[in-house]
Amino acid sequence: MSDRADCDVLIVGGGPVGLVTGCELLQRGVRVRLVDAERRFTRHSRANVLWPRIMELLDRIDVTRRLVGRGHPVSGVGYFSQGRRIGDVPMDGMPTRYPFALVISQNTVEEVLRERFAELGGTIESGLRLTGLDRTASDGTVLSTLEDADGTTHHIRSDWLVGADGAHSTTRELLGVDFEGDVVDVSFAVADAPVDGAPDDDMTYYCYSPDGGLALGPFGEGLWRLAITVPHQEPGAAPPGRGVFQQAVDERAPGHAVVGELRWSAVFRARCRIAATFRAGRCLLAGDAAHITSPAGGQGMNTGIQDAVNLAWRLAGVVDGSLRDVVLDHYDSERRAAAHHVARTTTAQTKWGMARTPKRILLRDGLFHLAHRSGLLRRRITPLVSQLGVRYDSPASGPSLAPGIRPGERVPLPLAPVNGRRVLARDEPSVLLWPGRAVSGDWQRVKERLHKELAGLAQVAEPDAVVRRRLRAALGGRPLAVVIRPDGHLAAAVPPDDPEAVAQALYTLGVRPAARQGEQVHAHDTTPTGGAR
């Protein structure tokens, strides 16, 4: 940290994205300040589902078990058209510790994350609104001007700033970053209410009809989240009442369900916009400040948490000197591409639900039914919806000799300890020594050399029997040194008897080998120095 900075990282925004980023950084010993303009906990929580990959990632900050204890697990997503079931997207059988989706309100997610943030020593500075940014300091620090409820001005100087302050992000506006898009423009009415006669509460549901779409998400014990497409409303219009939702259920849901008294309701207008860049020098954008997409598929909060994890391990490494600054450019390219992908898929799902003509409805329903019967929904759509299929095409990826997994794909290993043992390092890259069908004597010599050459560069791990079973199809019979990122994505798979190839893969990922050994390495260096050569 520079001598003039008040903290390493200032986080603007105390929602799930800001809190996950803060927890990740605090675990790494990064000095964090988190400010939030106003955080009112209300019943009006739009996000209400966590997908399997997000629960895996939240294991990194030790909150998943708490969230599962407070949410309602469901086995997948069911699709209906005009009361007839046309297909399912199942989560069971996926290669994960969490083969289910978790229906849980964003408010509850935030409560759990706030608890964890406090346990890690963090304090949320509430009531501070960002009003100005000065990035002209010669030492590279960022001076943030903030204003409290009384109009008093405060200044915080930080080495880095993360804007996680929502769709109307002041950070993004002050940085002058364009917010591009508006591909889809649809209004949704949302409510929580008991529903008598609803479908089984072991799944969430999308129900299509010529009158519009309906989403049903079970919180358990008879309470459901209802979301329906509605015409745009004038500003200040009263929220919709029970009758609006009952009519939608009658027209769009299977059976004869009865909506009870609404706990709350609201209308919001969904647009699709993505920031032109997620990085402006020492300022980064994440979550809704960086992208907003259609709520179809419940991907919004989940995509923001993916941002937070992807950013935090990089930023922590840059702060402690173990990673080069270029890894933050990789954050921008990876997560911006991911946001565009989510935008395309959620926009497509929104348009599926808006089919009105008999021809388009017949085509959609026929394709869904065929994909369900052929297993295509499970093979292609389940990884997409669950976010287990997120893959990064990135300059940070090296070569891969593995036959069943490509660079940037998720490695199907847990990110949390299993039986007290952590397979992958939480805070640094891991190099998994995959024996394949190597002769034991030769393999022992290879292992000893790599352990020596990679000391201080990455965690070197050897797979036990359980890991070998899980990865046999992906990694095959050839001996490999498998470089895995802290977030569990494959960086490279190279020959284990070539330490220089392993060192180059780590360097491509962003590791500064010489810095790990106390040597001077400048940020503009472009070749590996020190370590394995």
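Please read all numbers here as calculations on a predicted model, not as lab measurements. (Residues numbered from 1 in each chain as written. Predicted model: local features only at pLDDT ≥ 70, side-chain atom pairs only at ≥ 80, totals over all residues. Heavy atoms only, no water.)

S.K.: What am I meant to see in the pairing of strand β25 (residues 480-484) here?
M.R.: Taken residue by residue, a regular strand's side chains alternate between the two faces of the sheet. In terms of burial, β25 is largely enclosed, as 5 of its 5 residues are buried. Burial along β25 is two-sided: the residues L480, V482 and I484 and A481 and V483 are all buried. Pairing analysis gives 4 bridges linking β25 to strand β26 (residues 490-494), with the strands arranged antiparallel. For V482, the partnering residue across the bridge sits in β26 and is A493. Remark: 5 residues form the turn of the hairpin made by β25 and β26, two consecutive strands paired antiparallel; G488 in that turn has positive phi of roughly 90°. (Buried < 20%, exposed > 50% of the residue type's maximum accessible area, 1.4 Å probe, protein only. Helix = DSSP H or I, 4+ residues; strand = E, 2+ residues; numbered from the N terminus. Pairing = 2+ DSSP bridges.)

S.K.: Explain the nonpolar core here, please?
M.R.: General note: in soluble globular proteins, nonpolar side chains tend to be found buried as a group. Ranked by size, the top nonpolar core spans 113 residues in total, and within it L50 and L475 carry the most contacts. Among the elements that line this core, the one with the most residues is helix α7 (residues 300-320), at 10 residues. With residues up to four places along the chain from it excluded, the contact list for L50 reads M55, L58, L67, A101, L102, I104, V109, M301, N302 and I305. Of all hydrophobic cores here, the second largest spans 24 residues; its members include V103, Y208, A227 and A371. (Core = buried A, V, L, I, M, F, W, Y, C linked by side-chain atoms within 4.5 Å. Contact = heavy atoms within 4.5 Å.)

S.K.: Explain the packing of helix α1 (residues 16-27) against α7 to me, please; I cannot follow it from the model alone.
M.R.: Look at α1 against α7: their axes get within 8 Å of each other, and the N-to-C directions meet at 25°. One element, α1, and the other, α7, form an angle in the roughly parallel class. Taken as a pair, α1 and α7 cross one another with a handedness that is right-handed. For the pair α1 and α7, the contacting residues are P16, V17, V20, T21, E24 and L25 in the first and M301, G304, I305, A308, V309, A312, L315 and A316 in the second. Residues that form the contact of α1 with α7 fall into these classes: 11 nonpolar, 2 polar and 1 charged. (Axes fitted to C-alpha atoms, helices over the stretch in contact; angles between N-to-C directions. Parallel < 35°, antiparallel > 145°, perpendicular 65-115°, else oblique. Left-handed = near helix turned anticlockwise from the far one by under 90°. Nonpolar A, V, L, I, M, F, W, Y, C, P; charged D, E, K, R; others polar.)

S.K.: Is there a simple way to explain the sheet that holds strand β23 (residues 430-434) in this structure?
M.R.: Strand order in the open sheet formed by 4 strands is β24-β23-β25-β26, and the pairing between neighbours is mixed. The strands lining the two open edges of the sheet, one partner per strand, are β24 (459-461) and β26. Adjacent strand axes in the sheet meet at a mean angle of 20° when their direction is disregarded. Most of the contacts of helix α12 (residues 465-475) go to β23, to which it runs at about 85°, and overall it touches β23 and β25.

S.K.: What exactly am I supposed to notice about the side chain of N48 here?
M.R.: With respect to the helices and strands, N48 occurs in the loop between β2 (32-36) and β3 (49-50). Setting aside residues up to four positions removed in sequence, N48 forms contacts with L102, V103, I104, S105, G217, F219 and R225.

S.K.: I'm lost on the pairing of strand β14 (residues 204-209) in this one. Help?
M.R.: Buried residues dominate β14, accounting for 6 of its 6 residues. Of the two faces of β14, the one lined by T204, Y206 and Y208 and the one lined by Y205, C207 and S209 are each fully buried. Alignment of strand β5 (residues 76-81) against β14, held across 5 bridges, turns out to be parallel. Across the sheet, S81 pairs through a bridge with Y208, a residue of β14. Linking β14 to strand β15 (residues 212-220), which pair antiparallel, is a turn of 2 residues.

S.K.: It is not clear to me how a positive patch on the surface should be interpreted in this structure. Could you clarify?
M.R.: A cluster of basic residues, R468, R469, R470 and R472, forms a positive patch at the surface. Turning to its location among the elements, R468 is positioned in helix α12. (Patch = residues over 30% accessible without salt bridge, like charges linked within 9 Å, V, L, I, M, F, W, Y side chains within 5 Å. Areas by Shrake-Rupley, 256 points an atom, 1.4 Å probe, with all protein chains shown as cover. Salt bridge = Lys/Arg side-chain N within 4 Å of Asp/Glu carboxyl O. Lys, Arg positive; Asp, Glu negative; His and termini not counted. Charge placed at Lys NZ, Arg CZ, Asp CG, Glu CD.)

S.K.: Is there a simple way to think about the sheet that holds strand β4 (residues 72-74) in this case?
M.R.: The strands making up a sheet associate through backbone hydrogen bonding, with each pair oriented either parallel or antiparallel. Strand order in the open sheet made by the 3 strands is β3-β7-β4, with antiparallel pairing throughout. Of all strands in the sheet, those bounded by a partner on one side alone are β3 and β4.

S.K.: Whenever I open this one, the layout of surface pockets confuses me. Can you help?
M.R.: Remark: the empty space left among the atoms is shown by a probe the size of a water molecule rolled over them. Within this model, the second largest pocket holds a volume of roughly 750 Å³. Looking at the lining of the second largest pocket, the elements that each hand over two or more residues are α7, α8 (326-353) and α10 (376-386). Residues belonging to the lining of the second largest pocket are distributed by class as follows: 13 nonpolar, 8 polar and 8 charged. (1 Å grid on protein atoms, 1.4 Å probe; cavity = no way out; pocket = protein on both sides within 12 Å on 5 of 7 lines; lining within 4 Å. Points joined across faces, edges and corners; volume = space filled by probe spheres on them.)

S.K.: Explain the environment of P435 to me, please; I cannot follow it from the model alone.
M.R.: With respect to the helices and strands, P435 occurs in the loop between β23 and α11 (440-453). Assessed through its relative accessible area of 17%, P435 is described here as buried. In this structure the C-alpha to C-alpha distance between P435 and L480, which are 45 residues apart in sequence, comes to 6.7 Å. For P435, the residues in contact, after removing those within four places along its chain, are W443, P463 and P479.

S.K.: Help me out: how do you make sense of the packing of aromatic side chains in this one?
M.R.: Scanning all chains against the criterion turns up 8 aromatic pairs. Residues F80 and Y205 carry aromatic rings whose centres are separated by 5.9 Å and whose planes lie at 50° to one another, so their mutual orientation is tilted. Separated by 125 residues along the polypeptide, F80 in strand β5 and Y205 in strand β14 bring together distant segments of the chain. Given the relative accessible area of 7%, F80 is considered buried. The class of Y205 is buried, set by a relative accessible area of 2%. When the ring centre of W160 is taken as origin, the NZ or CZ atom of R282, which lies over that ring, is 4.5 Å away. (Phe/Tyr/Trp six-rings, centres within 6.5 Å; stacked < 30°, edge-to-face > 60°. Lys NZ or Arg CZ within 6 Å of the ring centre and 35° of its normal.)

S.K.: Can you walk me through the pattern of salt bridges in this structure?
M.R.: Where charged atoms from two side chains of opposite charge approach closely, those side chains can pair. One pass over the full model with this rule turns up 27 salt bridges. With a shortest N-O distance of 2.9 Å, R66 and E119 are connected by a salt bridge. One end of the pair, R66, is in helix α3 (residues 64-70); the other, E119, is in helix α4 (residues 106-119), and 53 residues separate them in sequence. We note a salt bridge from R85 to D88, for which the minimum N-O separation is 2.9 Å. Exposure remark for R85: the relative accessible area of 36% places this residue in the partly exposed category. A single network of salt bridges, built from pairs that share partners, joins R314, E334, R485 and D487.

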